[in-house]
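Okay, here's what each chain looks like letter by letter:
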Amino acid sequence: MADPSKGRGRGLALIQSLRAQKNVESPKQDAPSETSSSLDMYPPPSAASSYEPSIAPSYAPNVLSAVSSAMAPPPAGGGRGKVALLSKMLHKPGGGGDAPLLCPASDVKPSSSAPKSMGRGLKLIQSLRAAQSHSSPPGSSAASVVDSVTDQMAASTITAVSAASSVGKNKYFREIKDTPPVVMKGTTGTPCDVTANYIYLKFEESNVFEYGVKYEPDQDHKHLRFKLLNEHRHLFEVKTFDGSILYVPHRLPDDVTELVSTNPYDDSKVNITIIFNRTRRLSEMIHIYNLLFKHIMSDLELVRFGRQHFNEHAAIQIPQHKLEVWPGYVTAVNEYEGGLMLTLDSTHRVLRTQSVLSYIKDTAQAHGANWKKMVKETLFGSSVMTSYNKKLYRVDAIDDNLTPKSTFERKENGVPVQISYIDYYKKNYNIDIMDWDQPILISRDTKRISGEEKEVDYMICLIPELCQLTGLTDDQRSNFRLMKDVATYTRITPNQRHAAFKQFVSNVLNNESARNRLKGWGLSLAPETIDITARTLPPEALYFGNNVKVPGKPNADWNSDVTKNSVMQAVDIHKWAVLFTDRDKQTTMNFIETVQRCCKPMGITIEKPQLLRLPNDRTDSFVVGLREAIQTRPQIIVVICPSSRDDRYSAIKRVCCSDAGIPSQVINARTIMNQQKVRSITQKILLQINCKLGGTLWHIHIPIKSVMVVGTDSYHDPTRRRPSVCSFVASYTQSLTKWYSTAVFQEKGQEIIDCLKACLVNSLRHFLVTNGFLPDRIIMYRDGVSDGQFKQVQTYEIPQLRLSIQEVEMQYEPKITYVVVQKRINTRIFLKCGPGQLENPAPGTVVDHAITRRDWYDFLIVSQKVNQGTVTPTHYVVVNDDSKMPPDQCQRLTYKLTHLYYNWPGTVRVPAPCQYAHKLAYLVGQNIGKNTSEALADKLFFL
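Residues numbered from 1 in each chain as written. Predicted model: local features only at pLDDT ≥ 70, side-chain atom pairs only at ≥ 80, totals over all residues. Heavy atoms only, no water.

**Q** How should I be thinking about the overall build of the protein chain in this particular structure?
**A** Across its full length, the protein chain holds 24 helices and 39 strands. Relative to its 943 residues, the protein chain shows a buried fraction of 51%. Relative to all contacts within the protein chain whose residues are 6 or more apart in sequence, the contacts with residues 24 or more apart total 72%. Of the roughly 43,700 Å² that the protein chain leaves accessible, carbon and sulfur atoms contribute 51%. (Helix = DSSP H or I, 4+ residues; strand = E, 2+ residues; numbered from the N terminus. Buried < 20%, exposed > 50% of the residue type's maximum accessible area, 1.4 Å probe, protein only. Contact = heavy atoms within 4.5 Å. Areas by Shrake-Rupley, 256 points an atom, 1.4 Å probe, with all protein chains shown as cover.)

Written as structure tokens, this is what we have:
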């Protein structure tokens, strides 16, 4: 007998039914004809035709020809643009080489071109019928047929199923654990009263009834599915619906309910089938809470972008920059150590008031024949918002062979029809497209669809006229006045943020629909945010050269001390080169003179440099000058550029960091032209140069011995044209002030653990060569891991790292502490400093209870001093700890490491190795584009 917990459904039930029937029926019924009639009580495959999905849309002939023409080789001198990108789309690994599906930008993803999985029951029936269709001996019985099919099924399911994955999809399970929460609290530090953006969610226990909702014919966009179901709102006064699954607090009269609705756009009839799935407990469903608040956001007329909701009616206009700022909220319900709570944060979204079509026309008018290149550089990789359904899409290509007059194939009433984009938007959104000759924007996406073994590529077609630009361009970000005007509305103080939380709760309670929705489910919100007792760790003392000790400061800032005192370890510069252009000659001479004056108080000796004057500021002139300077093998090359240009900067770094293996310092001439500021700027440049040559600026007391601290991060190209970069930075000295760095390229589909293993082995070998022994402990801070990947890291990545360590030495088994670092979180912590008054907490504030994860050992640290806006803490999750460090020790070490980033005279948000890894990954991914020289691996050349 199969285990019922394995989810063996209709197949097993059918076998049991057939066996029971054989036992009770007379021997005469063993004839093949009688067996056939007994099987006829099950519906044939054709009877299940109503459950077959619609066939995925494919290219219409004219669309195929348009895309084919788009794939043609580009003209001479052309860039990588649309042609290369679309070609890669059609040959993406994992897509089987098939052309991607093409669909308009609606609320639903394309369906599978393969039929849906039929399930074991229906497959078994087909197998039985097929077996009987063959010639069989007259004495064959139903039992023999069943036994044969049973044996075939047993042979086809020999793969072992783990206990964790053996629960069937319709089996009872709990989203909230029965186990006690993980409590790991420290005691070091000064207690302080804080509040956080968490609100208790109270509920009355009750049942929840889950139903599946199907439409015939299928409805493309979610908004219409909601409208059609809402025509029968009298059946479910209180409900939560996500477009396919319906949750109600009361059971419907029938398990299968048939309804008929009218499409408000074309008055056609739509059949709705509501099928009962299962009964669940309200307290056990985290999913339904989040779904409920998503609908409450709709009740408040907020627009959803991803997991955030914005109020377009409260948009703040910045007309002088053609921008608008939408205020909004981020919500998430989860069970934390302190119980079930709602996380609520205030956020903003910057949008441009210009449509994409308007931008294209303006660019074409301003740049003439070069307009296509300018448009591609701006739009590719950017997000646009569709005006009709307020959704964000990423622009990956522009196809000027497609227009709104082009057609695509879709199914209507089960029949494939050709429809133009003009007609599609008129029928589904009642929108008249005005410009029929505009090009089409292409957004590429990938999704795993039921019935497909591999992920399916598809391209979403966007109409520029119906898309609004979002975010800021690089030029806009470099505009100081614009950024200052935007920051006026986006950088809000703790008091303003907390007032926004109260306003949200008030809006929910004052909105009748939202209030009734909560009441119908027996839910209520606490009136105030949670109060917590946090701890502030003691300030860390710093040590400079000549045995100078600087006591720790509450604001964790030592900007004045770093220039007054000598560096901890100075690297004298006897041979260096300076490249400059004719127009920057005087600025260069002034800079060199200032360097000679500033170096002695810092304990650094610097000789006169080799000067190389360049004839012009062209990139190739700088490259030629660099190759000439490299011939003399200087310790470092300083390049003074007349302006900031990405292509020139990338070329310089590529030659120095990859080809020559020589540290380089690129200086924008404008930053050293101001004589009043040139001294302080030169001091900071000297500190950077000392680090790049292997020097040390300061250090702090690290009590742990024989340890290697590691930081990892990754860089993903926003345009998707280049591979991702995984960076790995590891300490190789006791003071944790010298770092061995590696950056490797990660191909699409390649797991990051493959990169981490090779980097870890190289770092351990370098540690062994430098110290003569291997570390007893490895503490790894890993950035870029989401909540859903914790278990994967714990059960897969860490064992893989243990195996790779054996490559260094067979019997070597260090204790591994693996800490996930999360910067992009919605948690906010506010220090209570009086009645109704809130401030940012001091650096070193730790919260390790109440709002931490229920089932993980984690803590939050505020490590920075923020003068504007609201500080964001950093979340640390200890996924593995072989050394069994007490919480105090782990928290204090983490905070100490935020003091060791040499590019800033203060604490940073994350431990120094993580910040170094971030800088390295960005430099290699954004500018260098290839592997760096091994000669620079033990230096901080990337600062």
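**Q** Which parts of the structure should I look at to understand the sheet that holds strand S27 (residues 610-614)?
**A** Read from one edge to the other, the open sheet built from 4 strands follows the order S27-S26-S28-S29, with strand pairing classed as parallel. The two strands at the open ends of the sheet, each matched to only one other strand, are S27 and strand S29 (664-668). With direction set aside, neighbouring strand axes in the sheet form an average angle of 20°. Looking at chain direction, strand S26 (residues 576-581) and strand S28 (residues 636-641) are connected through 4 bridges and run parallel. Paired with Ala577 across the bridge in S28 is Ile637. Packing against the sheet, helix H17 (residues 585-599) makes contact with S26, S27, S28 and S29, and its axis sits at approximately 150° to S26. Relative to S29, helix H20 (residues 678-692) is tilted by about 160°, and along the sheet it contacts S28 and S29. (Pairing = 2+ DSSP bridges. Axes fitted to C-alpha atoms, helices over the stretch in contact; angles between N-to-C directions.)

**Q** Explain the nonpolar core to me, please; I cannot follow it from the model alone.
**A** Side chains of nonpolar character tend, in soluble globular proteins, to be buried together. With 82 residues, the main nonpolar core has Phe591, Ile640, Trp698, Tyr781 and Tyr916 as its most contacted residues. Residue contributions to this core peak at 9 residues, all from helix H24 (residues 912-928). (Core = buried A, V, L, I, M, F, W, Y, C linked by side-chain atoms within 4.5 Å.)

**Q** What's the story with the pattern of salt bridges in this structure? I'm lost.
**A** Close approach of charged atoms allows side chains with opposite charge to pair. For the structure on display, the rule yields 31 salt bridges. A salt bridge links Asp435 to Lys361, with the shortest nitrogen-to-oxygen separation between them at 3.6 Å. Linking Asp435 in the loop between helix H11 (421-429) and strand S19 (440-447) with Lys361 in helix H9 (residues 356-367), this pair joins segments that are 74 residues apart in sequence. A relative accessible area of 47% means that Lys361 is categorised as partly exposed. Here the salt bridges do not stand alone but share partners, grouping Glu210, Arg278 and Arg280 into one network. (Salt bridge = Lys/Arg side-chain N within 4 Å of Asp/Glu carboxyl O.)

**Q** I keep staring at helix H13 (residues 480-490) and nothing clicks. Help me out?
**A** All of the buried residues in H13 are Leu482, Asp485, Val486 and Ala487. Residues of H13 that are buried make contact with strand S11 (316-318), strand S12 (323-336), strand S13 (339-355) and helix H12 (474-477). The backbone nitrogen of Arg481 has a side-chain oxygen 3.1 Å away, supplied by the residue at the start of H13, namely Asn479. (Polar contact = N/O pair within 3.5 Å; in protein donor to acceptor, adjacent residues only side chain to side chain.)

**Q** So what exactly am I meant to see when it comes to the packing of H17 against H20 here?
**A** Describing two packed helices takes the angle between their axes plus the distance from one axis to the other. Between H17 and H20, whose axes approach to 9 Å, the crossing angle comes to 70°. Here H17 is positioned roughly perpendicular relative to H20, judged by the angle of their axes. Where H17 approaches H20, its residues Phe591, Thr594, Val595, Arg597, Cys598 and Cys599 are matched on the opposing element by Val678, Arg679, Thr682, Gln683, Ile685 and Leu686. In terms of residue class, the contact of H17 with H20 is built from 7 nonpolar, 3 polar and 2 charged. (Parallel < 35°, antiparallel > 145°, perpendicular 65-115°, else oblique. Nonpolar A, V, L, I, M, F, W, Y, C, P; charged D, E, K, R; others polar.)

**Q** Looking at this model, I keep getting lost on the sheet that holds strand S32 (residues 739-746). Mind explaining?
**A** Strands belonging to one sheet form pairs held by backbone hydrogen bonds; the direction of such a pair is parallel or antiparallel. In spatial order, the strands read S32-S31-S30-S33-S34-S39-S38-S37-S23-S2-S35-S36; together these 12 strands make up an open sheet with mixed pairing. Every other strand in the sheet has two partners, leaving S32 and strand S36 (837-839) as the edge strands with one partner each. Strand-to-strand twist in this sheet, taken as the mean axis angle between neighbours without regard to direction, amounts to 30°. In terms of strand pairing, strand S31 (residues 724-731) meets S32 through 8 bridges, oriented antiparallel.

**Q** How should I be thinking about H9 in this particular structure?
**A** Since the α-helix turns once every 3.6 residues, residues separated by three or four places project in the same direction. Given a rise of 1.5 Å per residue, 12 residues ought to cover 16 Å, and the 16 Å separating the end C-alpha atoms of H9 matches this to within 8%. Here H9 has its buried residues at Val356, Leu357, Tyr359, Ile360 and Thr363. The buried residues of H9 occupy an angular sector of 160° when projected down its axis, which confines them to one face. When the buried face of H9 is taken as reference, the exposed residues oriented beyond 90 degrees from it are Gln365 and Ala366. Positive phi appears at Gly368, one or two residues downstream of H9, with a value of about 60°. (Expected span 1.5 Å × (residues − 1). Arc of directions from axis to C-beta.)

**Q** Please clarify how the packing of aromatic side chains should be interpreted in this entry.
**A** A ring pair, where both rings are aromatic, is described by two values, the distance of the centres and the angle of the planes. Tallying each qualifying case throughout the model produces 26 aromatic pairs. Taken together, a centroid distance of 5.1 Å and an interplanar angle of 35° make the contact between Phe408 and Tyr421 tilted. Here Phe408, found in strand S17 (residues 407-412), pairs with Tyr421, found in helix H11; they are 13 residues apart in sequence, far enough to count as distant. In terms of burial, Phe408 and Tyr421 fall into one category: buried. For the pair Phe790 and Trp856, a centre-to-centre distance of 5.4 Å together with 75° between the ring planes defines the contact as edge-to-face. Placement of the pair is Phe790 in helix H22 (residues 790-805) and Trp856 in the loop between strand S37 (845-847) and strand S38 (857-862), with a sequence separation of 66 residues. Its relative accessible area of 1% is what places Phe790 among the buried residues. Three or more aromatic residues link up through ring pairs in this structure, and these residues are Tyr388, Phe408, Tyr421, Tyr424, Tyr425 and Tyr429. The ring of Phe276 has Arg251 lying over it, and the distance from NZ or CZ to the ring centre is 3.8 Å. (Phe/Tyr/Trp six-rings, centres within 6.5 Å; stacked < 30°, edge-to-face > 60°. Lys NZ or Arg CZ within 6 Å of the ring centre and 35° of its normal.)

**Q** When you look at the packing of H9 against helix H10 (residues 371-379) in this model, what are you seeing that I'm missing?
**A** Here H9 crosses H10 at 140°, and the two axes come no closer than 8 Å. By the criterion of interaxial angle, the relationship of H9 to H10 is oblique. Here H9 runs over H10; the crossing is right-handed. For the pair H9 and H10, the contacting residues are Val356, Tyr359, Ile360, Thr363, Ala364 and His367 in the first and Trp371, Met374, Val375, Thr378 and Leu379 in the second. Class assignment for the residues of the contact of H9 with H10 results in 8 nonpolar, 3 polar and no charged. (Left-handed = near helix turned anticlockwise from the far one by under 90°.)

**Q** Would you explain the side chain of Ser933 in this entry?
**A** Assignment of secondary structure puts Ser933 in the segment after H24. By relative accessible area, Ser933 is classed as buried at 17%. The residues contacting Ser933, other than those within four sequence positions of it, are Cys657, Ser658 and Gly661.

**Q** Just to check I follow, could you spell out the pairing of S29 for this structure?
**A** Two faces belong to every sheet, and in a regular strand the side chains alternate between them. Across 5 bridges, the pairing between S28 and S29 is parallel. Bridged to Cys641 within S29 is Asn668. In the classification by handedness, the crossover that spans S28, the intervening helix H19 (residues 646-660) and the parallel S29 is right-handed. (Right-handed = clockwise from strand over helix to strand, strands pointing away.)

**Q** How should I be thinking about unusual backbone geometry in this particular structure?
**A** Trans peptide bonds make up most of the peptide bonds, and negative phi angles are found at most residues other than glycine. In this structure, Pro217 follows Glu216 across a cis peptide bond, with omega equal to 0°. Tracing the chain through its elements places Pro217 in the loop between strand S4 (207-216) and helix H7 (222-230). Its identity is not glycine, yet Ser706 carries a phi of approximately 50°, on the positive side. As for its placement among the helices and strands, Ser706 is situated in the loop between H20 and strand S30 (707-715). Residue Lys884 is not a glycine yet carries a positive backbone phi of 55°.

**Q** What should I look at first to understand the environment of Gln438 in this one?
**A** Positionally, Gln438 belongs in the loop between H11 and S19. Excluding anything up to four places from it in sequence, Gln438 contacts Leu357, Leu402, Thr403, Pro404, Ile433, Ile463, Pro464 and Glu465. A distance of 2.8 Å separates a polar atom in the side chain of Gln438 from the backbone oxygen of Asp435. Reaching out from Gln438, the side chain makes a polar contact with the backbone nitrogen of Glu465 at a distance of 2.8 Å.

**Q** What is the right way to look at the side chain of Ser763 in this model?
**A** Mapped onto the elements, Ser763 comes out in helix H21 (residues 752-771). Setting aside chain neighbours within four positions, we find Ser763 in contact with Met708, Phe728, Ala730 and Tyr740.

**Q** Just checking my understanding: could you explain the pairing of strand S35 (residues 829-834) for this structure?
**A** The pairing of strand S2 (residues 190-196) with S35 spans 3 bridges and is antiparallel. Within S35, the position partnered with Thr195 by the bridge is Phe830. Pairing between S35 and S36: 3 bridges, direction antiparallel. Its bridge partner lying in S36, Lys832 is registered against Leu838. Connecting the antiparallel pair S35 and S36 is a turn made up of 2 residues, with Gly836 showing a positive phi of about 70°.

**Q** Any chance you could explain the environment of Glu312 here in plain terms?
**A** Within the fold, Glu312 resides in the loop between strand S10 (308-310) and S11. The residues touching Glu312, leaving out its near neighbours within four places in the chain, are Val303, Trp326 and Lys390.

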